Amino acid sequence: MKIIVPFPAGGTSDVIPRIVADWLSRKWGQPVVIENRTGAAGNIGAELAYRSAPDGYTLLSAPPPPLVINQNLYPKLAFDPAKFEPIIVMAQVPNALIVNPKNVKASTVPELVEYLQKNPDKVTVATQGNGTTSHLTSELFQLMAKVKLRTIPYRGSSPALQGLLAGDVDLMFDNLGVSLSLVDSGKLRLLAVASPIRLPALSDVPTIAETLPGFEAVAWYAIVAPPKTPRSIVEQINADVNEALRQPELQDQFKKLSAEIFGGSVEKTSKYMLEEVDRWRAVIKAANIEVQ
């Protein structure tokens, strides 16, 4: 069995399905292989999964871009995201504003906003690639804070973080899954989280919304099947992944990634993804984002 991940190894979009796949391989008694097929903001891997046989042996695990964002961003896709069979959203991880402390002296969001307003287009922001949640979160921040950043797109979270660590870029809006360990080690500075309220585990870290009311950007990680996959297969995989998410060992691993377990029924997943299509469409329209 194969789960296609349309982003590079090392980021949260890769780590979360690997954790689940490892447990499933033990339950099912057969290997569940993660295959990273990157490029075009997740579209390349998503198209590969889309055109796979609907037999349950090839699945797609992805964050929002190829499932709910890119259809609002790209003039034409080689697949129809609405025709995927939703299975489950495994977890949510809030995005966060992280800076290279050698490049950015601000220690709070208000300080950063003040500096950016006085120095437009001088500070660089890394993204996981055009159309990704980190890109849209950056655009939303610029819109709401009335500032201008120079965007540097990378091919995924891991290479973007490497660029941030090296000082090639100044800041990034990344999910906490991988970057928190770099903050804890002092290599990067966490200014704020993009969740609606402060996180219990990081109660001393403010939200961006405390400076920019209404600001919210959460990444999530779903599993979907190719179009026309039988409902019985979809329901069985949903049940088994839900079982995985109830395991204390997985819950501990997710907690270390700052990931909040989502889970639930196929219907819950489908409804949530449709709501996310509308939410990100509104962000793209408000920020006037275009990706060719």
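See the structure above.
Since we're looking at a predicted model, the values are computed, not measured.

Draft legend 1. Summary view of the pairing of strand S2 (residues 33-36). Here strand S1 (residues 2-5) pairs with S2 via four bridges, running parallel. Counterpart to Lys2 in the pairing with S2 is Val33. A crossover links S1 with its parallel partner S2, the connecting element being helix H1 (residues 12-28), and its sense is right-handed.

Draft legend 2. Highlighting the pairing of strand S6 (residues 150-153). When strand S5 (residues 124-127) meets S6, the two strands line up parallel, connected through four bridges. Residue pairing for S6: Thr124 is matched across the bridge by Arg150. Taken together, S5, helix H5 (residues 133-145) and S6 constitute a β-α-β crossover, and its handedness is right-handed.

Draft legend 3. Structural context of the side chain of Thr133. The residue Thr133 is located in helix H5 in this model. Take Thr133: its relative accessible area is 4%, and that puts it in the buried class.

Draft legend 4. Broad picture of the packing of H5 against helix H10 (residues 266-287). Taken N-terminus to C-terminus, the directions of H5 and H10 make an angle of 50°; their axes are 10 Å apart at the nearest point. Between H5 and H10, the crossing angle belongs to the class labelled oblique. Where H5 crosses over H10, the handedness of that crossing is left-handed. When H5 is examined against H10, the residues Thr133, Leu136, Thr137, Glu139, Leu140 and Leu143 are found in contact with a partner set consisting of Trp280, Val283, Ile284, Ala286 and Ala287. Residue composition of the contact of H5 with H10, by class: eight nonpolar, two polar and one charged.

Criteria and cut-off values
Residues numbered from 1 in each chain as written. Predicted model: local features only at pLDDT ≥ 70, side-chain atom pairs only at ≥ 80, totals over all residues. Heavy atoms only, no water. Pairing = 2+ DSSP bridges. Helix = DSSP H or I, 4+ residues; strand = E, 2+ residues; numbered from the N terminus. Right-handed = clockwise from strand over helix to strand, strands pointing away. Buried < 20%, exposed > 50% of the residue type's maximum accessible area, 1.4 Å probe, protein only. Axes fitted to C-alpha atoms, helices over the stretch in contact; angles between N-to-C directions. Parallel < 35°, antiparallel > 145°, perpendicular 65-115°, else oblique. Left-handed = near helix turned anticlockwise from the far one by under 90°. Contact = heavy atoms within 4.5 Å. Nonpolar A, V, L, I, M, F, W, Y, C, P; charged D, E, K, R; others polar.

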